[in-house]
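Spelled out, the chains give:
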Amino acid sequence: MVRLAKEKDLDSILELYLDLHEDSVPEDSDKRRSVWKYIVENDNYNIIVNEVDGKIVSSCTCIIVPNLTRNLSSYALVENVVTKKEYEGNGYARACLEYAKAIASKNDCYKIMLTTGSHDNRTHDFYKSCGYKSDGKTAYVYVLREVKFKH
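Everything numeric here is computed off the predicted structure, so don't read it as measured data.

All right, on to the overall build of the protein chain then. In terms of helices and strands, the protein chain carries 4 helices and 5 strands. For the protein chain, the α and β elements follow one another from N to C terminus as β-α-α-β-β-β-α-β-α. By principal-axis analysis of the C-alpha atoms, the protein chain measures approximately 40 × 35 × 35 Å. Counting over 151 residues, the protein chain shows a buried share of 32%. Total accessible area on the protein chain stands at roughly 10,400 Å², and carbon and sulfur atoms take up 51% of it. Of the side-chain charges in the protein chain, 22 are positive and 23 negative, and the distance between the mean point of each set is 4 Å.

In structure tokens form, the structure reads like this:
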């Protein structure tokens, strides 16, 4: 079942992110609670989860960005696309991306941007099969500070 994350999902989402690129789950702290509160209370910040037998097995984040160009059309950013290793290949991430596309459409977005740090051709083929294109735009990332994560 694909749905928006709820307040109670935090621990499951953080556990899932271990399959993304995290080394560990951030310890409970004021900052962690503050970030989670901001996310769950922000209508433009959507964490989408796919649940199988009561367990969150896949997720992505879809952020809606209001915009003054393109006839005031917003755009969406998709990040943190992840599926638990043992559930890969079953369409769970694809369903999350479809849900993100529906959110973007509902919010009158004219585009969805997605970047990946993966150099695995299977990842790129997956995004292309979901309708994302890598031609026509060039992505640049300015790293303000390095954040340690597994590769």
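To continue, consider the pattern of salt bridges. It is possible for side chains of opposite charge to pair when their charged atoms get near one another. Summed over all chains, the structure comprises 12 salt bridges. Connected through shared salt-bridge partners, Asp 11, Asp 28, Asp 30, Arg 32 and Arg 33 make up one network.

Before going further, it helps to spend a moment on the pairing of strand β2 (residues 45-52). In terms of burial, β2 is largely enclosed, as 7 of its 8 residues are buried. Where strand β1 (residues 2-4) and β2 come together, 3 bridges link them in antiparallel fashion. Following the sheet pairing, Arg 3 is matched in β2 by Val 49. Examined bridge by bridge, β2 and strand β3 (residues 55-65) share 8 bridges and lie antiparallel to one another. Across the sheet, Asn 50 pairs through a bridge with Ser 58, a residue of β3. Two successive antiparallel strands, β2 and β3, enclose a turn made up of 2 residues, where Asp 53 displays a positive phi of approximately 50°.

Along the chain, Ser 59 turns up in strand β3. Classification of Ser 59 as buried rests on a relative accessible area of 0%. At a separation of 2.7 Å, a polar atom in the side chain of Ser 59 contacts the main-chain carbonyl oxygen of Ile 48. Not counting residues within four places of it along the chain, the set of residues in contact with Ser 59 comprises Leu 16, Ile 47, Ile 48, Val 49, Asn 80, Val 81, Val 82 and Cys 96.

Let us now look at the pairing of strand β4 (residues 75-83). Note: β3 against β4, 7 bridges, orientation antiparallel. Within β4, the residue paired with Ile 64 across the bridge is Ala 76. Where β4 and strand β5 (residues 112-114) come together, 3 bridges link them in parallel fashion. Its bridge partner lying in β5, Leu 77 is registered against Met 113. Considered for its hand, the β-α-β crossover made up of β4, helix α3 (residues 92-106) and β5 is right-handed.

Between α3 and helix α4 (residues 121-129), the least distance of the axes is 11 Å, while the angle of their chain directions is 45°. In this view, α3 runs oblique relative to α4, as classed from their interaxial angle. Crossing angle aside, the handedness with which α3 passes α4 is right-handed. Touching Ala 93, Arg 94 and Leu 97 of α3 are Phe 126, Tyr 127 and Ser 129, all from α4. The class makeup of the residues in the contact of α3 with α4 is 4 nonpolar, 1 polar and 1 charged.

How each quantity is defined
- Residues numbered from 1 in each chain as written.
- Predicted model: local features only at pLDDT ≥ 70, side-chain atom pairs only at ≥ 80, totals over all residues.
- Heavy atoms only, no water.
- Helix = DSSP H or I, 4+ residues; strand = E, 2+ residues; numbered from the N terminus.
- Buried < 20%, exposed > 50% of the residue type's maximum accessible area, 1.4 Å probe, protein only.
- Areas by Shrake-Rupley, 256 points an atom, 1.4 Å probe, with all protein chains shown as cover.
- Lys, Arg positive; Asp, Glu negative; His and termini not counted.
- Charge placed at Lys NZ, Arg CZ, Asp CG, Glu CD.
- Salt bridge = Lys/Arg side-chain N within 4 Å of Asp/Glu carboxyl O.
- Pairing = 2+ DSSP bridges.
- Polar contact = N/O pair within 3.5 Å; in protein donor to acceptor, adjacent residues only side chain to side chain.
- Contact = heavy atoms within 4.5 Å.
- Right-handed = clockwise from strand over helix to strand, strands pointing away.
- Axes fitted to C-alpha atoms, helices over the stretch in contact; angles between N-to-C directions.
- Parallel < 35°, antiparallel > 145°, perpendicular 65-115°, else oblique.
- Left-handed = near helix turned anticlockwise from the far one by under 90°.
- Nonpolar A, V, L, I, M, F, W, Y, C, P; charged D, E, K, R; others polar.

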